[in-house]
Amino acid sequence: MKWLTALVFGAVLAFILPLMFGGTGGVWMETWVKWGTVRPFPQSPGLLFSIPIFLGSAIALRIFFNWHRN
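Residues numbered from 1 in each chain as written. Predicted model: local features only at pLDDT ≥ 70, side-chain atom pairs only at ≥ 80, totals over all residues. Heavy atoms only, no water.

Draft legend 1. Main features of the overall build of the chain. Across its full length, the chain carries two helices and two strands. Along the chain, helices (α) and strands (β) appear in the sequence α-β-β-α when read from the amino end. A principal-axis box enclosing the C-alpha atoms of the chain has dimensions of 45 × 20 × 15 Å. With 70 residues in all, the chain has 24% of them scored as buried. A separation of at least 24 residues holds for 54% of the contacts in the chain among residues at least 6 apart in sequence. Total accessible area on the chain stands at roughly 5,000 Å², and carbon and sulfur atoms take up 75% of it. (Helix = DSSP H or I, 4+ residues; strand = E, 2+ residues; numbered from the N terminus. Buried < 20%, exposed > 50% of the residue type's maximum accessible area, 1.4 Å probe, protein only. Contact = heavy atoms within 4.5 Å. Areas by Shrake-Rupley, 256 points an atom, 1.4 Å probe, with all protein chains shown as cover.)

Draft legend 2. Representation of the packing of aromatic side chains in the model. Taken as a whole and judged by the stated rule, the model has five aromatic pairs. Measuring from ring centre to ring centre gives 6.0 Å for Phe 21 and Trp 28, while their planes differ by 25°; the resulting arrangement is stacked. For Phe 21, a relative accessible area of 42% gives the class partly exposed. Here Trp 28 falls in the buried class, since its relative accessible area comes to 7%. With a centroid separation of 5.9 Å and an interplanar angle of 45°, the aromatic rings of Phe 64 and Trp 67 are classed as tilted. Residue Phe 64 and its partner Trp 67 are located together in helix α2 (residues 51-69), separated by three residues, close to a single helical turn. Of the residues examined, Phe 64 reaches a relative accessible area of 41% and is grouped as partly exposed. (Phe/Tyr/Trp six-rings, centres within 6.5 Å; stacked < 30°, edge-to-face > 60°.)

Shape descriptors only; they carry no functional weight alone.
Shown next, in the form of structure tokens:
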């Protein structure tokens, strides 16, 4: 898996996971996982972006698929 593909999948997960757990008014922002979560647009009512999930999943996907290919 190339880095660009891993980063795209990481970005998708970084948007989807916070929204699945309630967005700004849900469980996501009431627990420790809110660390590193930002609103990409200042007036956004519910759109969140999790930086740790973005970086962590991109690195994990890259490592897993490169290991799996060999």
